[in-house]
Amino acid sequence: MKLVRKDLEKDNAGQVTLIPEEPEDMWHTYNLLQVGDSLRASTIRKVQTESATGSVGSNRIRTTLTLCVETIDFDSQACQLRVKGTNIQENEYVKMGAYHTIELEPNRQFTLAKKQWDSVVLERIEQACDPAWSADVAAVVMQEGLAHVCLVTPSMTLTRAKVEVNIPRKRKGNCSQHDRALERFYEQVVQAIQRHINFEVVKCVLVASPGFVREQFCDYMFQQAVKTDNKLLLENRSKFLQVHSSSGHKYALKEALCDPAVTSRLSDTKAAGEVKALDDFYKMLQHEPDRAFYGLKHVEKANEAMAIDTLLISDELFRHQDVATRARYVKLVDSVRENMGTVRIFSSLHVSGEQLGQLTGVAAILRFPVAELSDQEDESSSEED
């Protein structure tokens with residue numbers, strides 16, 4: 001993301017002009033937009049024209065509109081963003097108050113104005129404009145006959161390809177059908193890797209599977225690379241890292257990212273940090289439940305006691321339509337930071353973010369046990385009974 005201009009007043013009202021450069025930037029833009037904001041961007045409008053003879057024709061005209069945002073649709077697979085709203089600035093082709101939909105796309109500038117730019121939104125702009133935050137991890141999660149080729153970006157896990165091949169069982173004295181199907185499966189996975197992984201950006205490719213599938217696959221891939229003199233794979237051989245996972249499904253990627261060998265290799269990526277924080281929370285919940293809280297009310301109470309060491313919060317909560325609710329989450333984040341706590345904002349499109357979402361989207365690891373809260377919880381639950 002490229003920051004062109006930033007004009008903010010003392011009360012944090014103002015506008016920011018940005019150019020999304022990567023598909024990932026569309027996800028950041030989606031998180032910046034809120035209902036009630038004003039969005040100015042170039043768009044195409046179908047305009048009816050009447051000639052001197054009275055015949056009516058229609059032309060598609062490119063114009064710049066300013067909309068008051070009403071609905072926001074984001075397609076995570078295509079990374080496309082459609083924003084619908086009413087026109088709030090004079091335009092020769094579009095009446096004031098008329099509805100229009102702007103499609104935001106990479107490399108097209110837009111200006112976003114808000115009545116209040118809060119700390120979470122400003123931090124997201126800072127991260128989006130930092131070139132170090134890019135998709136530097138790829139993963140192939142596989143089992144016999146099923147593989148997912150994913151890109152693990154700082155904000156989301158993108159499934160770029162799914163390979164499924166029916167593999168017959170080994171029969172006594174005849175394994176040829178099984179072996180042929182397995183070879184066909186491996187070949188399709190290799191093709192998917194070459195098509196979807198940009199080795200100039202990616203610094204590590206995780207190959208995760210149960211059993212010996214990953215070893216057999218890597219042996220096959222590099223033997224074929226030597227035979228066909230595939231320089232792309234041979235030059236990047238050191239980037240491939242084999243790790244265990246329980247299955248070939250996308251959700252097994254969390255285990256792979258938790259592996260100590262992976263964590264040390266990816267220590268500078270946000271994705272690994274998020275996964276480790278969530279893992280630490282679950283361990284704490286298991287061994288010291290008085291130091292692991294989830295749910296907004298309980299986390300807020302823990303924050304009042306200045307007990308929060310690490311706050312885990314989903315970015316989905318900051319897209320809340322209700323301004324007061326959103327402000328409550330922002331206040332929590334700011335307060336934890338003021339008390340010298342760490343805040344990790346998880347992406348709801350990330351595997352770890354999806355898991356946090358199942359825990360209400362907000363959780364905290366505490367510096368010290370806060371037993372009174374657990375007691376209050378027990379009392380309230382017994383009253384409900």
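Residues numbered from 1 in each chain as written. Predicted model: local features only at pLDDT ≥ 70, side-chain atom pairs only at ≥ 80, totals over all residues. Heavy atoms only, no water.

- Under an unreviewed UniProt entry, the name given to the protein is Protein pelota homolog, and the source organism is Atrichornis clamosus.
- Check the Sequence similarities (unreviewed entry) section of the UniProt entry for the protein; it says "Belongs to the eukaryotic release factor 1 family. Pelota subfamily." (UniProt positions renumbered as here; feature names shortened; annotations may be inferred.)

**Examining the overall build of the protein**
Reasoning step 1: Each helix and strand counted, the protein has twelve helices and 16 strands in total.
Reasoning step 2: Each principal axis of the C-alpha atoms in the protein carries an extent, and together these give about 85 × 75 × 40 Å.
Reasoning step 3: The 385 residues of the protein split such that 48% are buried.
Reasoning step 4: Of the contacts formed within the protein by residues at least 6 apart in sequence, a portion of 66% connects residues at least 24 apart.
Reasoning step 5: As displayed, the protein offers around 20,000 Å² of accessible surface, 46% of which is attributable to carbon and sulfur atoms.
Reasoning step 6: Of note, the protein has its 47 positive side-chain charges centred 7 Å away from the centre of its 56 negative side-chain charges. (Helix = DSSP H or I, 4+ residues; strand = E, 2+ residues; numbered from the N terminus. Buried < 20%, exposed > 50% of the residue type's maximum accessible area, 1.4 Å probe, protein only. Contact = heavy atoms within 4.5 Å. Areas by Shrake-Rupley, 256 points an atom, 1.4 Å probe, with all protein chains shown as cover. Lys, Arg positive; Asp, Glu negative; His and termini not counted. Charge placed at Lys NZ, Arg CZ, Asp CG, Glu CD.)

**Some words on the packing of helix α3 (residues 176–196) against helix α4 (residues 213–228)**
Reasoning step 1: Where α3 contacts α4, the two axes come as close as 10 Å, and the packing angle between them is 70°. Overall, the two elements α3 and α4 adopt an arrangement that is roughly perpendicular. On α4, the residues touching E183, Y186, E187, V189, V190 and I193 of α3 are V213, Q216, F217, Y220 and M221.
Reasoning step 2: A per-class count over the contact of α3 with α4 returns eight nonpolar, one polar and two charged. (Axes fitted to C-alpha atoms, helices over the stretch in contact; angles between N-to-C directions. Parallel < 35°, antiparallel > 145°, perpendicular 65-115°, else oblique. Nonpolar A, V, L, I, M, F, W, Y, C, P; charged D, E, K, R; others polar.)

**Things to note about the pairing of strand β16 (residues 362–366)**
Reasoning step 1: β16 sits mainly inside the fold: five of its five residues count as buried.
Reasoning step 2: The pairing of strand β13 (residues 292–294) with β16 spans three bridges and is antiparallel. Note on β16: the bridge partner recorded for F293 is A364.
Reasoning step 3: Judged from the five bridges that link them, strand β14 (residues 308–314) and β16 form a sheet pairing that is antiparallel. In the sheet register, T310 faces β16, and the bridge partner there is I365. (Pairing = 2+ DSSP bridges.)

**Overview of unusual backbone geometry**
Reasoning step 1: In this structure, N107 takes a positive phi of about 65° despite not being glycine.
Reasoning step 2: Relative accessible area serves as the criterion here: at 60%, N107 is assigned to the exposed category.

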